[in-house]
There are 2 protein chains.
Amino acid sequence: MRPSVQARYEARARIIKAMGHPTRLFIVDELAKGERCVNELTEMVGADMSTVSKHLSVLKNVGVIMDEKRGLQVFYRLRTPCIMKFFGCVESVMKTVAEESMAALNSR
Amino acid sequence: MRPSVQARYEARARIIKAMGHPTRLFIVDELAKGERCVNELTEMVGADMSTVSKHLSVLKNVGVIMDEKRGLQVFYRLRTPCIMKFFGCVESVMKTVAEESMAALNSR
DNA sequence: TGACTATTTGGCAATATATGCAATAATGAA
DNA sequence: TTCATTATTGCATATATTGCCAAATAGTCA
């Protein structure tokens, strides 16, 4: 594969990989409703704040979210609302799989 | 977080995670053009066949692709073409990030 | 300044993932 | 049956990810 093509798939994979964790998906979903500070997200997620902070930095590093410090708090928000289309894509796959499983069960 | 909600995010994350690898993205992209056997994909990817086979099983396990054995060969194809929307989502993010980087450079 | 709050960072152990090689199926051809 | 082809599986190794604790950093207020 040509290096430039390879690089393109790697760039895409980095973004998708960043989304590939339940906690990070939850965070993206939550930020779609509006900005949240780390503390708020930590309470919702129910993990250590350092853990949540690291998840946030993963998403930030690939450009999915951005942060803004105001006073003591750091507020995060989606950098592009388009990222939400991910959920639609994923749901379609899950639906297809579920439907075919049902069909397989019924045809036995 | 409620267990059912948690489970939902985990199910989504499994699918996204399966897509989060450059080789697997390439495979999905290629299968979007039509079915391919393992051998063909292996040549295109340029890795060991066992490696490609394992990537295929990752995608298959989450329901993104399906296989069919015909003679000596195993042909893989997308289970739902909808999976291709992923690329559009990802490109949008990359575009946004690139544009904002440019803007930041120009405003210095 | 010092105390307090919010967040990030460093370090570490546990776990998961990626890859190639070798061995093993499964199929078809001679 | 024996050989060649295609693909998968088992194993070993290297690398990456996750999560928590503790320590460091940054901002606010008395």
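Residue indices follow the written sequence of each chain, beginning from 1 at its first position. The lettering of chains begins at A and the numbering of ligands begins at 1, in the order of writing. Residue-level local features of this predicted model are given only where pLDDT is at least 70; pairs of side-chain atoms are given and counted only at 80 or more, and the full residue set underlies all totals for whole chains, interfaces and linings. Hydrogen atoms and water are omitted, and side-chain values are computed over all heavy atoms in the structure.

(A) Broad picture of the interface of chain B and chain A. It only takes one pair of heavy atoms within 4.5 Å for two residues to be counted as in contact. Contacts between the two partners involve 37 residues from chain B, matched on the other side by 37 residues from chain A. For any pair of parts, buried area is found by adding up, for both, the accessible area (1.4 Å probe) each one loses once the two are put together. Taken together, both faces of the contact between chain B and chain A bury some 3500 Å²; the carbon and sulfur share is 73%. Any carboxyl oxygen of Asp or Glu that lies within 4 Å of a side-chain nitrogen of Lys or Arg is treated as forming a salt bridge with it. Seen at the junction of chain B and chain A, the total is six salt bridges. A run of H or I in DSSP becomes a helix once it reaches four residues, and a run of E becomes a strand once it reaches two; helices and strands are each numbered from the N terminus. At the level of secondary structure, the elements contributing two or more residues to the side of chain B that touches chain A comprise helix H1 (3-19), helix H2 (22-31) and helix H5 (85-106) of chain B. Examining the composition of the side of chain B that touches chain A, we find that 12 residues originate from one element, H5 of chain B, more than from any other. Within the side of chain B that touches chain A, the residues separate by chemical class into 22 nonpolar, six polar and nine charged. In this classification, Asp, Glu, Lys and Arg are treated as charged, Ala, Val, Leu, Ile, Met, Phe, Trp, Tyr, Cys and Pro as nonpolar, and every other residue, Gly included, as polar.

(B) Focus on helix H3 (residues 38-45) of chain A. Residue and element names in this part refer to chain A. Throughout, exposure labels follow a simple rule: accessible area from a 1.4 Å probe, protein chains only, divided by the maximum for the residue type, with under 20% read as buried, over 50% as exposed, and the rest as partly exposed. Buried residues of H3: Val38, Leu41, Thr42 and Val45, and no others. Considered in projection along H3, the buried side chains sweep an arc of 105° and stay on one side of the axis. In the core, the buried residues of H3 are packed alongside helix H2 (22-31), strand S1 (36-37), helix H4 (49-61) and strand S3 (73-78). At the exit of H3 stands glycine 46, carrying a positive phi of roughly 80°. Taken from the helix axis, the directions to the C-beta atoms give the arc we talk about.

(C) Summary view of the relation of the copies chain B and chain A. Mapping chain B onto chain A calls for a rotation angle of 180° and an axial translation of 0.0 Å; the resulting RMSD is 0.0 Å. Between the two chains, the operation in question is that of a two-fold axis. Relative to the rotation axis, the C-alpha of lysine 17 of chain B is the closest in chain B, positioned 2.9 Å from it. Alignment of copies: least-squares fit on C-alpha atoms of residues with pLDDT of at least 70 in both copies.

(D) View of the packing of aromatic side chains. Pairing of aromatic side chains here covers Phe, Tyr and the six-membered ring of Trp, requires ring centres within 6.5 Å, and sorts the geometry by plane angle: under 30 degrees stacked, over 60 edge-to-face, intermediate tilted. As enumerated under the stated definition, the model contains two aromatic pairs over all chains in all. Here tyrosine 9 of chain A and phenylalanine 26 of chain B contribute two aromatic rings whose centre-to-centre distance is 5.6 Å and whose plane-to-plane angle is 85°, an arrangement assigned as edge-to-face. With one member in each of two chains, tyrosine 9 of chain A in helix H1 (residues 3-19) and phenylalanine 26 of chain B in helix H2 form a pair that bridges those chains. The two residues tyrosine 9 of chain A and phenylalanine 26 of chain B agree in class, both being buried. Distance and angle both matter: a charge sits over a ring if NZ of Lys or CZ of Arg is within 6 Å of the ring centre and within 35 degrees of the ring normal. Just above the ring of tyrosine 9 of chain A sits the side chain of arginine 12 of chain A; from NZ or CZ to the centre is 5.2 Å. The ring centre of phenylalanine 75 of chain B lies 4.2 Å from the NZ or CZ of arginine 70 of chain B, which sits over that ring.

(E) Highlighting the pairing of strand S3 (residues 73-78) of chain B. All names here are of chain B. Strand pairing requires that DSSP identify at least two bridges connecting the strands. Here two bridges tie strand S1 (residues 36-37) to S3, and the two strands are oriented antiparallel to one another. Residue pairing for S3: cysteine 37 is matched across the bridge by phenylalanine 75. Across six bridges, strand S2 (residues 65-70) lies against S3 in antiparallel orientation. Residue pairing across strands places lysine 69 opposite valine 74, the latter belonging to S3.

(F) The sheet that holds strand S2 (residues 65-70) of chain A, seen in detail. Residues and elements named next belong to chain A. Taken in spatial order, the three strands of this open sheet run S1-S3-S2, and their pairing is antiparallel. Both outer strands of the open sheet, S1 and S2, are each paired with one neighbouring strand and no more. Fitting a line to C-alpha atoms yields each axis, with helices limited to the stretch in contact; the angle taken between N-to-C directions then spans 0 to 180 degrees. Relative to S2, H4 is tilted by about 120°, and along the sheet it contacts S2 and S3.

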